[in-house]
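# Coordinate inspection notes
What follows is each chain in one-letter form.
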Amino acid sequence: MKKYAIAIHGGAGTILQSTMSAEKEAAYKKALEEAIVSGENILKAGGSSLDAVESAIRSLEDCPLFNAGKGAVFTNEGKNEMDASVMEGKTLMAGAVTGVKNIKNPISLAKAVMQQSEHVFLSGEGAMEFAKKVNAKFEPDDYFFVQQRYDQLLQAKETDTIVLDHTNEKKFGTVGCVALDVEGNLAAGTSTGGMTNKKYGRVGDSPMIGAGTYANNNTCAISCTGHGEFFIRSVVAYDISCLMEYKGLSLKEACDIVVMKKLVKIGGEGGLIALDSNGNIELPFNSDGMYRARKKQDEELFIGIYK
Ligand code: ASP
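A short tour of the structure in this document, coming up. (Residues numbered from 1 in each chain as written. Predicted model: local features only at pLDDT ≥ 70, side-chain atom pairs only at ≥ 80, totals over all residues. Heavy atoms only, no water.)

## Considering the nonpolar core
Counting residues in hydrophobic clusters, the biggest one holds 49 residues, and the most contacted among them are I8, F66 and V100. Setting aside residues no more than four positions away along its own chain, F66 makes contact with G10, Y28, A31, L32, L60, G71, A72, R149, G173 and V175. Membership of the second largest hydrophobic core comes to 36 residues, among which are A215, A221, L243 and V259. (Core = buried A, V, L, I, M, F, W, Y, C linked by side-chain atoms within 4.5 Å. Buried < 20%, exposed > 50% of the residue type's maximum accessible area, 1.4 Å probe, protein only. Contact = heavy atoms within 4.5 Å.)

Here's what the structure looks like:
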């Protein structure tokens, strides 16, 4: 039996203590705690890392503070188009969806793609048709309407910019989870609304296996958050796994090279959560802050926001 471990993130970016109110900070910490506890309860009861990842991410998707599920940012057309992915380290099975609308919990739809289809990655209308087939929970447009998110869209349209959710301290990011269960199996998942004012069906790294999400029992489980275009070009999650697998680096060494050197070199802002098969956890980021939490079987819960 292995000792379980779990880590989550709620986005990285310009998150400064100087601009954060005590109430806001408390609300974020409470949401992070609820999410990690929901995942931990599954691991504690001997459940799978995959179910723990799904449960923690669902909790974050249901919270309007994060850019996923209910709190997903608006596209240029004023819609909420969401992306999610999940991967299992034992089987290397994976599932992902992109550009889905009105789905309450995109992470569960990604899991259904993995478990109930012969495919890995479904998009747009087709993914929604599949969602109906597997009885995914749909919500009306107004469920996803969060005034602050809409104001962000109006602001972004004024300046005609595509805004990364976490480049402004008032905005909050993508969510993710990595877990190791008592059977020694790793899993990783990521869920997002992408970037405010995105158009042309823009897809970020979050639903891309290898870029925003990856899990392999031989190495590690990774979930990323940051400027997706850079994370795609750097194939971040898989690169960390490869550095461990082919070069024999530790999780920490691999994370340092990818997040603090390679990404920084090309201007890629963000961070990730990483967990290896021995239960080591790394939470590196090259931005001002990252909403994050980690919990190991015999250790205290850690919740962090700033550098
Ligand atoms: N990586 C996400 C994307 O580019 C954004 C985020 O992490 O908040 O879609």
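## Some thoughts on the packing of aromatic side chains
Under the criterion given, the structure shown has 8 aromatic pairs. Note on F66 and Y291: the rings are 6.3 Å apart at their centroids and 85 degrees apart in plane angle, and the pair reads as edge-to-face. With F66 in the loop between α2 (49–61) and β2 (82–88) and Y291 in strand β11 (residues 289–296), this pair connects stretches of sequence that are 225 residues apart. Accessibility assignment for this pair places F66 and Y291 in one class, buried. Three or more aromatic residues joined by ring pairs form one cluster here, namely Y28, F66 and Y291. Across from the ring centre of F302, 4.5 Å away, lies the NZ or CZ of R294, which sits over that ring. (Phe/Tyr/Trp six-rings, centres within 6.5 Å; stacked < 30°, edge-to-face > 60°. Helix = DSSP H or I, 4+ residues; strand = E, 2+ residues; numbered from the N terminus. Lys NZ or Arg CZ within 6 Å of the ring centre and 35° of its normal.)

## Some thoughts on helix α3 (residues 106–116)
For an α-helix, 3.6 residues make a turn, and residues three or four places apart therefore share a direction. With 9 of 11 residues buried, α3 is to be regarded as a mostly interior element. Where α3 is buried, its residues contact α2, β2, β3 (94–100), β4 (121–123), α4 (124–133) and β6 (186–192).

## Describing the sheet that holds strand β7 (residues 213–215)
In space, the 4 strands of this open sheet follow the order β7-β8-β9-β10, with antiparallel pairing throughout. If you trace the sheet from one side to the other, it starts and ends with β7 and β10 (281–282), each paired once. Across 7 bridges, strand β8 (residues 220–226) lies against strand β9 (residues 270–276) in antiparallel orientation. In the sheet register, T225 faces β9, and the bridge partner there is G271. (Pairing = 2+ DSSP bridges.)

## What to know about a nonpolar patch on the surface
Nonpolar side chains collect at one region of the surface, where V120, F121 and I209 lie side by side and expose about 230 Å² of accessible area between them. Assessed through its relative accessible area of 39%, F121 is described here as partly exposed. (Patch = residues over 30% accessible without salt bridge, like charges linked within 9 Å, V, L, I, M, F, W, Y side chains within 5 Å. Areas by Shrake-Rupley, 256 points an atom, 1.4 Å probe, with all protein chains shown as cover. Salt bridge = Lys/Arg side-chain N within 4 Å of Asp/Glu carboxyl O.)

## A short note on the packing of α3 against α4
It is at 11 Å that the axes of α3 and α4 come closest, and there the two elements cross at 80 degrees. One way to sum up the angle between α3 and α4 is to call them roughly perpendicular. Here α3 contributes L109, A112, V113 and Q116 to the contact with α4, which in turn contributes A127, F130 and A131. Of the residues belonging to the contact of α3 with α4, the class tally is 6 nonpolar, 1 polar and no charged. (Axes fitted to C-alpha atoms, helices over the stretch in contact; angles between N-to-C directions. Parallel < 35°, antiparallel > 145°, perpendicular 65-115°, else oblique. Nonpolar A, V, L, I, M, F, W, Y, C, P; charged D, E, K, R; others polar.)

## Overview of the pattern of salt bridges
Applying the stated rule across the entire model yields 11 salt bridges. In this structure, K295 and E40 form a salt bridge, with 3.4 Å as the shortest nitrogen-oxygen distance. Taken together, the positions of K295 in strand β11 and E40 in helix α1 (residues 22–44) put the pair 255 residues apart, joining distant regions of the chain. We note that K295, like E40, is buried. Close ionic contact of K252 with D256 constitutes a salt bridge, the shortest N to O distance being 3.3 Å. A residue pair is termed a helical-turn pair when its members lie 3 or 4 positions apart in one helix, as K252 and D256 do in helix α8 (residues 251–266) at 4 residues.

Keep in mind these numbers describe shape, not what the thing actually does.
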